[in-house]
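# Descriptive structure summary
Residues per chain are reported as follows:
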Protein chains: 2
Amino acid sequence: MDENVSNRQLERYPMYLSHLLMLSEAGVVNISAPTIAAALHLNVEQVRKDLQAVSSSEGKPKFGRNVEELIADLKKFLGYNETNKAIVVGVGHLGQAFLNYSGFTRYGLDIVMGFDIDPLIVGSEINGKPIYSLDEIGKYLADSDIKIAVLTTPQGVAQEVSDVLTKNGIRGIWNFTPIHLSHPLNVVVEDMNLASSLAKFSHRLQILLKKEKS
Amino acid sequence: MDENVSNRQLERYPMYLSHLLMLSEAGVVNISAPTIAAALHLNVEQVRKDLQAVSSSEGKPKFGRNVEELIADLKKFLGYNETNKAIVVGVGHLGQAFLNYSGFTRYGLDIVMGFDIDPLIVGSEINGKPIYSLDEIGKYLADSDIKIAVLTTPQGVAQEVSDVLTKNGIRGIWNFTPIHLSHPLNVVVEDMNLASSLAKFSHRLQILLKKEKS
């Protein structure tokens with residue numbers, strides 16, 4: 001596995017994979033880099049470079065690459081073949097949506113339980129997944145192979161809860177709160193900041209609509 | 001309003017705002033750039049530059065900046081004072097979460113209705129917000145001031161639905177599907193790609209855990 005791929009490059013791989021899965025369903029056997037590039041509005045040299053970084057097999061002139069082989073290579077590279085168990089911490093609307101959604105298993109993420117502090121939720125089940133009290137998280141993580149948490153708490157408690165998670169063996173936090181978390185060096189935090197995305201979005205839209213008025 | 005702020009800079013403003021709102025609730029009156037920088041793990045010169053770009057008032061030596069003024073400046077800059085109506089298109093788990101969540105109004109986004117094609121959902125209400133048939137979207141958007149859509153459809157229909165939206169006057173699409181949408185130049189698309197974020201996250205975690213084993 002090439003560890004030197006850039007973040008931008010990494011972000012494109014799921015896009016290739018979803019496109020190839022659609023082609024596979026449609027019965028397409030071979031595909032060329034230019035065809036992929038055209039469909040996804042990407043530069044063809046970029047597509048070639050991206051695919052070379054994850055795929056051992058070369059494309060054949062005139063035939064292109066085999067769709068199924070490419071899908072297997074991408075899944076392997078992205079780690080989608082091995083399923084990792086994960087927990088959702090903070091069972092509000094977003095947390096509930098993640099517990100209800102089973103589609104993340106396609107991406108190698110299997111959400112197995114949730115944690116919250118609300119006595120009205122603790123003890124219940126969502127989509128067959130139990131919701132436990134955050135106070136008892138140690139009990140459920142000890143001796144488990146769970147290393148990943150999806151953090152969907154209110155922002156005011158995000159840092160505190162993050163500390164609890166890392167103290168209990170969580171090594172990866174997919175952070176949906178707008179908080180910039182402090183964390184040990186041996187923990188990976190991936191921010192998915194809805195508020196920041198919305199800020200960029202609103203700002204760009206504001207500028208566009210203002211220009212039209214003037 | 002300074003239109004020349006970078007995306008990275010824009011992403012930090014919601015972070016400043018949430019931090020300042022917490023300080024305000026705690027009764028803090030004045031705050032200095034170094035204190036903000038330390039709390040958010042940012043470079044102090046960066047914080048100074050960021051705040052100068054949105055705030056008319058200068059910080060006073062020894063006193064720092066007024067928290068409430070700064071909050072007002074940030075809200076104005078981010079457009080959080082004006083509320084914009086928005087629709088959710090694709091009422092699956094994520095779409096439902098957005099309809100149920102009222103917190104986006106804080107960010108100037110007021111989700112007023114949902115659209116789907118599933119007859120089991122169309123005609124129902126979520127959190128008091130009606131769900132209409134996508135086939136009838138023209139009727140509901142015509143003569144409305146709705147310009148923003150949150151796109152949460154399955155990826156297979158994302159482009160098709162996006163085309164319907166832009167044909168019916170939508171000018172901003174907050175895109176939660178993994179599809180790279182083609183769209184008219186006078187439309188703003190902000191991608192919030194969960195699959196890409198998850199790919200980056202898994203990859204970084206994989207590398208970290210592999211290094212420890214070796």
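Residues numbered from 1 in each chain as written. Chains lettered and ligands numbered in written order. Predicted model: local features only at pLDDT ≥ 70, side-chain atom pairs only at ≥ 80, totals over all residues. Heavy atoms only, no water.

In screw terms, the move from chain A to chain B is a rotation of 180 degrees and a rise of 0.0 Å along the axis, fitting with an RMSD of 0.1 Å. With respect to symmetry, the two chain copies, as superposed, fit the operation of a two-fold axis. Residue Ala 97 of chain A of chain A places its C-alpha closer to the rotation axis than any other residue of that unit, at 3.0 Å. The fraction of interface residues of chain A whose copies in chain B are also interface residues reaches 100%, indicating that both copies meet through the same surface. (Least-squares fit on C-alpha atoms with pLDDT ≥ 70 in both. Contact = heavy atoms within 4.5 Å.)

Walk down a regular strand and you will see the side chains alternate between the two sheet faces. All names here are of chain A. Strand 4 (residues 109–116) sits mainly inside the fold: six of its eight residues count as buried. The sheet contact formed by strand 3 (residues 84–89) and strand 4 spans six bridges and is parallel. Looking at strand 4, one finds that Ile 87 is bridged to Met 113. Of the pairings in the sheet, the one linking strand 4 to strand 6 (residues 129–133) comprises three bridges and is parallel in character. Its bridge partner being in strand 6, Gly 114 is matched across the sheet by Ile 131. (Buried < 20%, exposed > 50% of the residue type's maximum accessible area, 1.4 Å probe, protein only. Helix = DSSP H or I, 4+ residues; strand = E, 2+ residues; numbered from the N terminus. Pairing = 2+ DSSP bridges.)

What follows concerns the interface of chain A and chain B. Counting residues at the interface gives 67 residues for chain A and 67 residues for chain B. When chain A packs against chain B, the two sides together hide about 6,100 Å² of surface, and 66% of this comes from carbon and sulfur. Counting every contact that joins chain A to chain B gives eight salt bridges. Where Lys 200 of chain B meets Glu 11 of chain A, a salt bridge forms, and the shortest distance between an N and an O atom there is 2.8 Å. On the surface where chain A and chain B come into contact, there are 18 residue pairs in polar contact (both at pLDDT 80 or more). Within the residue set of the side of chain A that touches chain B, elements represented by two or more residues are helix 1 (7–25), helix 4 (67–78), helix 5 (93–100), strand 8 (172–175), strand 9 (188–191) and helix 8 (194–213) of chain A. With 19 residues, the single largest contributor to the side of chain A that touches chain B is helix 8 of chain A. Tallied by class, residues from the side of chain A that touches chain B come to 36 nonpolar, 18 polar and 13 charged. (Buried area = accessible area lost by both parts, 1.4 Å probe. Salt bridge = Lys/Arg side-chain N within 4 Å of Asp/Glu carboxyl O. Polar contact = N/O pair within 3.5 Å; in protein donor to acceptor, adjacent residues only side chain to side chain. Nonpolar A, V, L, I, M, F, W, Y, C, P; charged D, E, K, R; others polar.)

When you line up the elements, Ser 18 of chain A lands in helix 1. What Ser 18 of chain A contacts, discounting residues up to four positions off in sequence, is Gln 155 and Pro 178 of chain B.

Think of an α-helix as 3.6 residues a turn; residues three or four steps apart then line up on the same face. Taking 1.5 Å of rise per residue, the 19 residues of helix 1 (residues 7–25) of chain B would be expected to cover 27 Å, and the 28 Å separating its terminal C-alpha atoms lies within 8% of that figure. Along helix 1 of chain B, the residues classified as buried are Gln 9, Leu 10, Arg 12, Tyr 13, Pro 14, Met 15, Tyr 16, Leu 17, Ser 18, His 19, Leu 20 and Leu 23 of chain B. Close packing links the buried residues of helix 1 of chain B with helix 8 of chain A together with strand 1 (30–31), helix 2 (33–40), helix 3 (44–54) and helix 4 (67–78) of chain B. Following helix 1 of chain B by one or two positions, Gly 27 of chain B has its phi on the positive side, about 90 degrees. (Expected span 1.5 Å × (residues − 1).)

Residues and elements named next belong to chain A. Within this structure, the stated rule accounts for 26 aromatic pairs over all chains. On the numbers, 5.3 Å between centres and 70 degrees between planes, the contact of Tyr 80 with Tyr 107 is edge-to-face. With Tyr 80 in the loop between helix 4 and strand 3 and Tyr 107 in the loop between helix 5 and strand 4, this residue pair connects regions lying 27 residues apart in the sequence. Measuring from centroid to centroid gives 5.0 Å for Tyr 101 and Phe 104, while their planes differ by 90 degrees, and the two rings are edge-to-face. (Phe/Tyr/Trp six-rings, centres within 6.5 Å; stacked < 30°, edge-to-face > 60°.)

Turning our eyes to something else, we now look at the packing of helix 1 of chain B against helix 3 of chain B. Residue and element names in this part refer to chain B. Between helix 1 and helix 3, the least distance of the axes is 11 Å, while the angle of their chain directions is 90 degrees. It follows that helix 1 is roughly perpendicular to helix 3 by the angle criterion. From helix 1, Gln 9, Arg 12, Tyr 13 and Tyr 16 reach across to helix 3, where they touch Gln 46, Val 47, Lys 49, Asp 50, Leu 51, Ala 53 and Val 54. Its residues assigned to classes, the contact of helix 1 with helix 3 comprises six nonpolar, two polar and three charged. (Axes fitted to C-alpha atoms, helices over the stretch in contact; angles between N-to-C directions. Parallel < 35°, antiparallel > 145°, perpendicular 65-115°, else oblique.)

We now examine the nonpolar core. Soluble, globular proteins show a tendency: their nonpolar side chains are buried together. Counting 98 residues, the largest nonpolar core has Trp 174 of chain A together with Trp 174 of chain B as the members making the most contacts within it. Once residues within four sequence positions are removed from consideration, Trp 174 of chain B is found in contact with Leu 194, Ser 197, Leu 198 and Phe 201 of chain A together with Phe 104, Leu 109, Ala 149, Val 150, Leu 151, Glu 190 and Met 192 of chain B. (Core = buried A, V, L, I, M, F, W, Y, C linked by side-chain atoms within 4.5 Å.)

Under the 1.5 Å per step criterion, the end-to-end length of helix 4 of chain B is 16 Å for twelve residues, consistent within 8% with the ideal 16 Å. Of the surrounding secondary structure, the elements contacted by the buried residues of helix 4 of chain B are helix 8 of chain A together with helix 1, strand 1, helix 2, helix 3 and strand 2 (65–66) of chain B. The N-cap of helix 4 of chain B, judged by a side-chain oxygen 3.0 Å from the amide nitrogen of Glu 68 of chain B a few residues on, is Asn 66 of chain B. Just beyond helix 4 of chain B, the residue with positive phi is Gly 79 of chain B, at close to 75 degrees.

The strand order 5-6-4-3-7-8-9 (chain B) describes an open sheet built from seven strands, whose pairing is mixed. Of all strands in the sheet, those with a lone pairing partner are strand 5 (125–126) and strand 9 (188–191) of chain B, marking the two edges. Docked against the sheet, helix 8 of chain A engages strand 4 (109–116), strand 7 (148–151), strand 8 (172–175) and strand 9 of chain B, running at close to 170 degrees with respect to strand 9 of chain B.

Relative to the helices and strands, Ala 142 of chain A is located in the loop between helix 6 (137–141) and strand 7 (148–151). Sequence-wise, Ala 142 of chain A and Val 157 of chain A are 15 residues apart; in three dimensions their C-alpha atoms are separated by 23 Å.

Taken by themselves, the reported measurements are silent on function.
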